[in-house]
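# Architecture and fold: a report
One letter stands for each residue in the lines below.
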Amino acid sequence: MQDYVNRLLLAINRYDPNDVQIVKHLRDLVRWISDNDSLKKDPIIANLLYIASQKMRVFGYNMLNGFLEEPVPSSSILDDFGNAAIVNLYRSQVNRVNILDQSQKEVIDTFQSISPRRLLVSAPTSYGKTFLMREIVFLNKERYRNILLVFPTVALLLENARMMSKFVLENELNYHIVKTVDAVCDDDSPQIFVFTPERALQLIASFPDIKIDFFFFDEVYKIDEDYCGDAMDENGDEESAQSQRQNSLSENDGFLEEDRGKTFRIALYLLAKTVEEYYLAGPNLNKEQFGLGMKRFLERNQIKIKEILFEPTLRIAVNAYSKVIEEHLPASLPEPKTKSLVPIKSKINNRIRDVVTYIGKKNYGKTLLYCTTPAKAIEYSNKLVESIGCDEIYERYPNEFKNFISHIKKEYDVDNYVEEWSLIKVLQNGFGMHHGKLPKYIQQEILEQFNNGVFNILFCTSTIVEG
């Protein structure tokens, strides 16, 4: 216990916001101790965690630890006022319960102060780039009538459309949320278009005179990628989506599906030519490695770059690609007293079983197992069920989820073979499966139950991983 007290004190006293290594050192300590309930029970450590979070201006750690105020009350009224003033300075304008981190506030302040207001933000995954977009929209609600939000996949489009609907409702804004070009209003009512790049191009072609006041382009790095996006329509129907594409695309337009990177580039180029203010976002973009075309685009359009190097989460590398599972902690953390190497099998499905068993013994909690395709997610999850599945887990499920499984059994039963459906087998044995070929409402229910901790292992594809 005293070792952690000494480490925290030293890291707090040495803290320098301009020294990346020192910042990471304190961050790793705070995250590591925050995950250890027995350490947090000590009042001295709890108070040091609070002070460290205030020092770094990363208030999410205090929210994570349940510190609404300083665990050990200060004896100084000035200290109390000072802490309250700091928190209020970083308070969200959209939701007063939320407190922005220092770098998040810097992004918003930068956008609001530059001219023209054109910003590219490079930040780690889960940093809150779309959260900051809503802050920007709220601050400029009187100036922006038509807003375009561009997301790379239909799955992200639908998720963010729901979030924007909630955002508009809670803040009593007068925007109409539009997800398809067919739903665009031709009157003067304010609109927020939540589109993929393909739909953004349709909007530009179908409504050439429409004035967009602000656009947000998510995952901008994909302008240099040709990848397979969501092949789903809004009802999760793959065949319908394919049919729609065939009907809507002429032979000359076929490149839209064959080369999505090209589609992304065209959409971004056309929007940047006609829209005055915009916010581009992507994970871990290194401006030193930008190609000539991207550098020219940024320079000609006077786009300011904001690079966020701080990662709020602690990264513990667990290597499971050789003959053993080996855990590597950041150098700033104390070495474990015992460091055991766990042997694992060589065949892929046996290896997955060994890794899942290891995850359970280490109590890692909710874990995503990323698979490259829906077929792989189905294969790996079913092989896992065959080796370590336990149908007794089903009895411990909440009634709500049991009723949902009963519903899909009834809804999708074909010749009394529904019990053989891989999804049913996986869910009934304590695991989850999530991919773009499942109906949308099934995807949403599985994700909600995973988030609620009904099951901890979820096999998934990029449909869930992106965003």
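Our subject is the structure listed above.
These notes cover the structure that comes with them. Quick caveat, the model's predicted, so the values are computed rather than measured.

Across the sheet, which stays open at both edges, the seven strands sit in the order β3-β4-β2-β5-β6-β1-β7 with parallel pairing between neighbours. Each having just a single partner strand, β3 (176-178) and β7 (304-307) make up the two edges of the open sheet. Each strand axis lies, on average, 15 degrees off the axis of its neighbour in the sheet, ignoring direction. Bridging between strand β5 (residues 214-217) and strand β6 (residues 277-282) involves four bridges; their strand directions are parallel. The partner of F217 across the bridge, within β6, is L280. Its contacts with the sheet place helix α9 (residues 154-170) against β2 (146-150), β3 and β4 (191-195), and it is angled at close to 160 degrees to β4.

To continue, consider the pairing of β5. Where burial is concerned, the two faces of β5 agree: the one with F214 and F216 and the one with F215 and F217 are both buried. As paired strands, β2 and β5 are joined by four bridges and run parallel to one another. Note that in β5 the partner of L148 across the bridge is F215.

It is worth spelling out the environment of D3 at this point. Mapped onto the fold, D3 is located in helix α1 (residues 2-13). D3 sits in the partly exposed class, given a relative accessible area of 38%. Between the C-alpha atoms of D3 and P334, which are 331 residues apart in sequence, the distance is 8.9 Å.

Through backbone hydrogen bonds, the strands of a sheet pair up, either in parallel or in antiparallel fashion. The strand order across the open sheet built from three strands is β8-β9-β10, with neighbouring strands paired in antiparallel fashion. Both edges of this open sheet fall to β8 (317-319) and β10 (342-343), since each of them pairs with a single strand only. Relative to β10, strand β9 (residues 324-328) runs antiparallel, the two sharing two bridges. Within β10, the position partnered with I325 by the bridge is V342. Packed onto the sheet, helix α15 (residues 348-361) meets β8, β9 and β10 and runs at close to 40 degrees relative to β9.

Grouped together as the largest cluster of nonpolar side chains are 37 residues, with contacts concentrated most on L149, I192, F214 and Y279. Where this core is concerned, the elements lending two or more residues are α7 (102-113), β1 (118-122), α8 (129-139), β2, α9, β4, β5 and β6. Residue contributions to this core peak at eight residues, all from α9. Beyond its immediate sequence surroundings of up to four residues, F214 is in contact with F111, M133, I136, V137, Y144, N146, I147, L148, V275, E277, Y278 and Y279.

Turning next to a nonpolar patch on the surface. Taken together, I316, V318 and Y364 make up a surface patch of nonpolar side chains, about 210 Å² in accessible area. On the secondary structure map, V318 appears in strand β8. Residue V318 is classed as partly exposed on the basis of its relative accessible area of 31%.

Before going further, it helps to examine the pattern of salt bridges. Any two side chains of opposite charge can pair, so long as their charged atoms come close to each other. This model, assessed by the stated rule, comprises 14 salt bridges. A salt bridge links D28 to R27; the shortest N-O distance between them is 2.7 Å. For D28, a relative accessible area of 6% translates into the label buried. According to the relative accessible area criterion, R27 is buried, its value standing at 8%.

Turning our eyes to something else, we now look at the packing of α7 against α8. To describe two helices that pack against each other, one gives the angle between their axes and the distance between the axes. α8 packs onto α7 with a crossing angle of 40 degrees between their chain directions and a minimal axis gap of 10 Å. Compared by their axis directions, α7 and α8 come out oblique. In this structure, α7 crosses over α8, and the sense of that crossing is right-handed. For the pair α7 and α8, contact is made by Q104, V107, I108, F111 and Q112 and by F131, L132, E135, I136 and L139, respectively. Residue composition of the contact of α7 with α8, grouped by class: seven nonpolar, two polar and one charged.

This paragraph deals with the packing of α15 against helix α16 (residues 374-388). Following both chains from N to C, one finds α15 and α16 inclined at 70 degrees, their axes separated by 9 Å at the closest point. For the element pair α15 / α16, the angle class is roughly perpendicular. Handedness of the α15/α16 crossing: right-handed. Contact residues: α15 offers I348, N349, I352, R353, V356 and T357, while α16 offers E379, Y380, K383, L384, S387 and I388. Taken together, the residues of the contact of α15 with α16 sort by class into six nonpolar, three polar and three charged.

Cut-off values and rules
Residues numbered from 1 in each chain as written. Predicted model: local features only at pLDDT ≥ 70, side-chain atom pairs only at ≥ 80, totals over all residues. Heavy atoms only, no water. Pairing = 2+ DSSP bridges. Helix = DSSP H or I, 4+ residues; strand = E, 2+ residues; numbered from the N terminus. Axes fitted to C-alpha atoms, helices over the stretch in contact; angles between N-to-C directions. Contact = heavy atoms within 4.5 Å. Buried < 20%, exposed > 50% of the residue type's maximum accessible area, 1.4 Å probe, protein only. Core = buried A, V, L, I, M, F, W, Y, C linked by side-chain atoms within 4.5 Å. Patch = residues over 30% accessible without salt bridge, like charges linked within 9 Å, V, L, I, M, F, W, Y side chains within 5 Å. Areas by Shrake-Rupley, 256 points an atom, 1.4 Å probe, with all protein chains shown as cover. Salt bridge = Lys/Arg side-chain N within 4 Å of Asp/Glu carboxyl O. Parallel < 35°, antiparallel > 145°, perpendicular 65-115°, else oblique. Left-handed = near helix turned anticlockwise from the far one by under 90°. Nonpolar A, V, L, I, M, F, W, Y, C, P; charged D, E, K, R; others polar.

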